[in-house]
Amino acid sequence: MPLASYAVVLSAILFGLGALGFVFKRNIITIFMSIELMLNAVNLSFVAFSRMRHLLEGQVFVFFVIVVASAEAAVGMAIIMQVARNRQSLNIERIDLLKL
Amino acid sequence: MTVELILFLLLAVVAVGGAINLIAQTHPIHSALSLIVVMVALAGIYLLLGAELLAMVQIIVYAGAIMVLFVFIIMLLNAGKEERTAISRAATYLGVPCGVLLTAVLGWRMAMSQPGPLAPGADTEGMSRELSTLLFTRYVFPFELTSILILVAILGVVVLAKREM
């Protein structure tokens, strides 16, 4: 089995762990970190498939994912700052403005 | 077992351990530090997979810029331990089996996937020059679009930071 196949399995495990953290962490910052972990797992699978198929396009897409992730981190952090300032809490159960 | 495989398994154990630690820790700063460990281990795996440029970008942008932003915000907001409530316990009981199931299905499907026919090019190892050429020729339009995306993100952050809510 080539190295890239192991990398694909590792990316699946990391994605699952990120999804798990997203579901059951209560801190808004930690949830954001779980999303970053999932993005990283997807990047790893892009690189592994690029290696598997001898195509460089996969690595180009990783660049775009990293750019989008950094823009998302900046905007997300600004939103978290505002939420924390308004609610005086980082617990997502306290952030229920959209609840009926 | 080749040296490459042993190195890969070592880095994979570090990455998975860091990811588990991210979920297990209750204090956000500990989670952030374990996420940095995961990202550095992933950079090593990119090196093993022959993507040197991406390994450097991973260290500089992810472990450098994004994680510094995370740690900075955690310290600025003085984030403490997370509170556990009844809902979070229910999420644990439901979330853990679902997460394990998702991981198993994803891993199984992706491990079983057969790669399609090989492209005519050579191995992708050590092709930073070809990668840059591709980025600035065929993918130059999306590349320029990302600059607009970043501009919009900057404007959004300025608006969010200045607004008195």
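Each value, and the rule that gives it
Residues numbered from 1 in each chain as written. Chains lettered and ligands numbered in written order. Predicted model: local features only at pLDDT ≥ 70, side-chain atom pairs only at ≥ 80, totals over all residues. Helix = DSSP H or I, 4+ residues; strand = E, 2+ residues; numbered from the N terminus. Rg over C-alpha atoms; globule rule 2.2 N^0.38 Å. Buried ≥ 20, exposed ≤ 12 C-beta atoms within 10 Å, placed from the backbone. Contact = placed C-beta atoms within 7 Å. Domains from an automatic or database assignment. Axes fitted to C-alpha atoms, helices over the stretch in contact; angles between N-to-C directions. Parallel < 35°, antiparallel > 145°, perpendicular 65-115°, else oblique. Left-handed = near helix turned anticlockwise from the far one by under 90°. Nonpolar A, V, L, I, M, F, W, Y, C, P; charged D, E, K, R; others polar. pLDDT = per-residue confidence, 0-100.

## Observations concerning the overall build of chain A
Now for step 1: When helices and strands are tallied, chain A shows three helices and zero strands.
Now for step 2: Reading chain A from its N terminus to its C terminus gives the helix and strand order α-α-α.
Now for step 3: For chain A, whose C-alpha radius of gyration is 17 Å, the value lies well above the compact-globule estimate of 13 Å for 100 residues.
Now for step 4: Oriented by its inertia axes, the alpha-carbon framework of chain A measures out at about 50 × 25 × 20 Å.
Now for step 5: Split into buried and exposed, the 100 residues of chain A put 52% on the buried side.
Now for step 6: Residue pairs at least 24 apart in sequence account for 50% of intrachain contacts in chain A once pairs closer than 6 positions are excluded.

## Some words on the domain arrangement of chain B
Frequently, the measure chosen for interface size is the accessible area removed from exposure when the parts meet.
Now for step 1: When cut into domains, chain B gives domain 1 (1–109) and domain 2 (127–165).
Now for step 2: Summarising the inter-unit geometry, the C-alpha centres of domain 1 of chain B and domain 2 of chain B are found 25 Å apart.

## Quick look at the packing of helix H1 (residues 3–24) of chain A against helix H2 (residues 28–53) of chain A
Residues and elements named next belong to chain A.
Now for step 1: Contact geometry of H1 with H2 gives a least axis separation of 8 Å together with a crossing angle of 165 degrees. With respect to H2, the axis of H1 lies roughly antiparallel. Here H1 and H2 pass one another in a crossing that is left-handed.
Now for step 2: Taken together, the residues that form the contact of H1 with H2 break down as 18 nonpolar, seven polar and one charged.

## Quick notes on the interface of chain B and chain A
Now for step 1: Residue-level contacts link 75 residues of chain B with 63 residues of chain A.
Now for step 2: Put simply, the parts of the chain that give the side of chain B that touches chain A at least two residues each are helix H1 (3–24), helix H2 (28–48), helix H3 (52–77), helix H4 (86–112), helix H5 (128–137) and helix H6 (140–162) of chain B.
Now for step 3: Looking at the side of chain B that touches chain A, the element that brings in the most residues is H4(B), giving 13 residues.
Now for step 4: Among the residues forming the side of chain B that touches chain A, the class breakdown is 56 nonpolar, 14 polar and five charged.

## Details of the confidence of the model for chain A
Now for step 1: The pLDDT averaged across chain A works out to 88; a share of 98% of its residues lies at or above 70.
Now for step 2: Per-element averaging of pLDDT across chain A places H1(A) at the bottom with 88 and H2(A) at the top with 91.

## A short note on the packing of helix H3 (residues 57–87) of chain A against H5(B)
Now for step 1: Viewed as axis vectors pointing N to C, H3(A) and H5(B) meet at an angle of 65 degrees, and their least axial separation amounts to 10 Å. One finds that H3(A) runs roughly perpendicular with respect to H5(B). Where H3(A) crosses over H5(B), the handedness of that crossing is right-handed. For the pair H3(A) and H5(B), contact is made by A:Gln59, A:Val60 and A:Phe63 and by B:Leu131, B:Leu134 and B:Leu135, respectively.
Now for step 2: In the contact of H3(A) with H5(B), the residues fall into five nonpolar, one polar and no charged.

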